[in-house]
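Analysis of the macromolecular model
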Amino acid sequence: MKPIRRCALVTRFADARAADSAVVLSRHLAGRGIQVVAPEEESPRLGDIAARYVPEATLADSADLVVAIGGDGTLLYAAGLVAQAAGLLAGRRVPLLGVNRGRLGFLTDVMPEDMLASVDAALAGDCARDERPLLAAEIRTAAGGSASGRALNDVVLQKRQSGHLVDFETWIGGRFVNTHGGDGLVVATATGSTAYALSCGGPIIEPGLDVLVVAPICPHTLSDRPIVVPGRSDIEVRLVDRPDSFAEVSCDGRPLGSLAPGDRLTIRPAAARITLLHPPGYDYYRLLRSKLNWGRRAFDTPA
């Protein structure tokens, strides 16, 4: 790992707790001789910190490390910036460290009280590097239009109209799988298996496994269950040709576009990957126990 000289901060400065952590970290990094890169629109909030202020979309372009302070949504946003930088700069891979200022924090696994020590460990090269795959999603319309995006957690197809089902077909590797009726579909990486796919009844996947979860959202038939497929799979979704069959597609919660009858959504592994950093002593199963309250007996919980 090359020396870290520039550290980009990604956070929601409107959140006072996240902003306070960003200021503390900025001063700490400046004291270590590390240049802080921050969004130009947030310069008033960082006070007298000597930082390089750039448009938020370019935060990761010249950074050697990105620190996301907030919830998992903030880290997913930061991952999008990192993936964009990798695509524009010939595969340049910037590591990403998440500080939890949100709720669950499956991805932002550094607690606020451990933030400075964990960042110091990252600067010293003592953090564990965790390579996570990305999904590439593409919409191709019947009229010849297209839209593409990438996701660390999941690609989600959802019905456009409340109170209506969306009918669609799934194809995997060119082979027909099923016709679905319901609220939509989640295609999740192992990383995203603890997000939306989990609430759809999908399994928790150990992040080191190269698989995808394909989970229907509120399916209209009880036999329509989540399945696990190889991570290299090409998944295609086609809407059934009905007058009221319209859907919206998002990548990690970011809108990608609309799907109408005759359009196709293709989801496949992306060329780029994301490098997450974990502090020394990181244990995925300990993280699960902490977030999901595993390993606690009923009579151990205070009334």
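Summary of the structure given here. Just so we're clear, the structure is a prediction, and the values are computed from it rather than from any experiment.

Right, let's talk about the overall build of the protein for a bit. Along the backbone of the protein there are five helices and 17 strands. Against the 2.2 N^0.38 benchmark of 19 Å for 303 residues, the protein shows a C-alpha radius of gyration of 21 Å, consistent with a compact globule. Across its three principal axes, the protein shows a C-alpha extent of roughly 60 × 55 × 35 Å. Long-range contacts, defined here as pairs at least 24 residues apart, represent 67% of the contacts in the protein between residues at least 6 apart. On the protein, roughly 14,100 Å² of surface is accessible, and the fraction owed to carbon and sulfur atoms is 51%.

All right, on to unusual backbone geometry then. Comment: phi is negative for the bulk of residues other than glycine, and the bulk of peptide bonds are trans. Notably, C218 is not glycine yet its phi reads approximately 45 degrees, a positive angle. The phi dihedral of D252 falls on the positive side, at around 50 degrees, and the residue is not glycine. Its place among the elements puts D252 in the loop between β15 (247-251) and β16 (254-259).

Ring pairs (aromatic) are described by centroid distance and by the angle formed between their planes. Under the counting rule described, the total for this entry stands at two aromatic pairs. The interplanar angle of 65 degrees and the centroid separation of 5.3 Å between the aromatic rings of W171 and F176 together place this pair among those described as edge-to-face. With a centroid separation of 5.7 Å and an interplanar angle of 75 degrees, the aromatic rings of Y284 and Y285 are classed as edge-to-face. Judged by its relative accessible area of 46%, Y285 is partly exposed.

Take helix α3 (residues 115-123) next. Within the sequence span of α3, burial applies to M115, S118, V119, A121, A122 and L123. Check the buried side of α3 and you find it contacts α1 (16-31), β4 (65-70), β5 (96-100) and β17 (264-278). Directly after α3, the chain includes G125, whose backbone phi takes a positive value near 80 degrees.

On to the packing of α1 against α3. It is at 11 Å that the axes of α1 and α3 come closest, and there the two elements cross at 40 degrees. The angle between α1 and α3 places the two elements in the oblique class. Crossing hand, α1 versus α3: right-handed. Between α1, through S21, V24, L25, H28 and L29, and α3, the contact on the second element is made entirely by M115, L116, V119, D120 and L123.

Before going further, it helps to examine the pattern of salt bridges. Here the structure, examined in full by the defined rule, presents 11 salt bridges. Note that E56 is salt-bridged to R12, the shortest N-O span being 3.0 Å. Residue E56 is found in the loop between β3 (51-54) and β4, and its partner R12 is found in the loop between β1 (6-11) and α1; the two are separated by 44 residues along the sequence. The salt bridge partner of D183 is K159, with a shortest N-O separation of 3.1 Å. Of this pair, D183 sits in the loop between β10 (175-182) and β11 (184-189) while K159 sits in strand β8 (residues 154-159), and the two are 24 residues apart along the sequence. Taken together, the shared-partner salt bridges connect E236, R238 and R264 into one network.

How each quantity is defined
Residues numbered from 1 in each chain as written. Predicted model: local features only at pLDDT ≥ 70, side-chain atom pairs only at ≥ 80, totals over all residues. Heavy atoms only, no water. Helix = DSSP H or I, 4+ residues; strand = E, 2+ residues; numbered from the N terminus. Rg over C-alpha atoms; globule rule 2.2 N^0.38 Å. Contact = heavy atoms within 4.5 Å. Areas by Shrake-Rupley, 256 points an atom, 1.4 Å probe, with all protein chains shown as cover. Phe/Tyr/Trp six-rings, centres within 6.5 Å; stacked < 30°, edge-to-face > 60°. Buried < 20%, exposed > 50% of the residue type's maximum accessible area, 1.4 Å probe, protein only. Axes fitted to C-alpha atoms, helices over the stretch in contact; angles between N-to-C directions. Parallel < 35°, antiparallel > 145°, perpendicular 65-115°, else oblique. Left-handed = near helix turned anticlockwise from the far one by under 90°. Salt bridge = Lys/Arg side-chain N within 4 Å of Asp/Glu carboxyl O.

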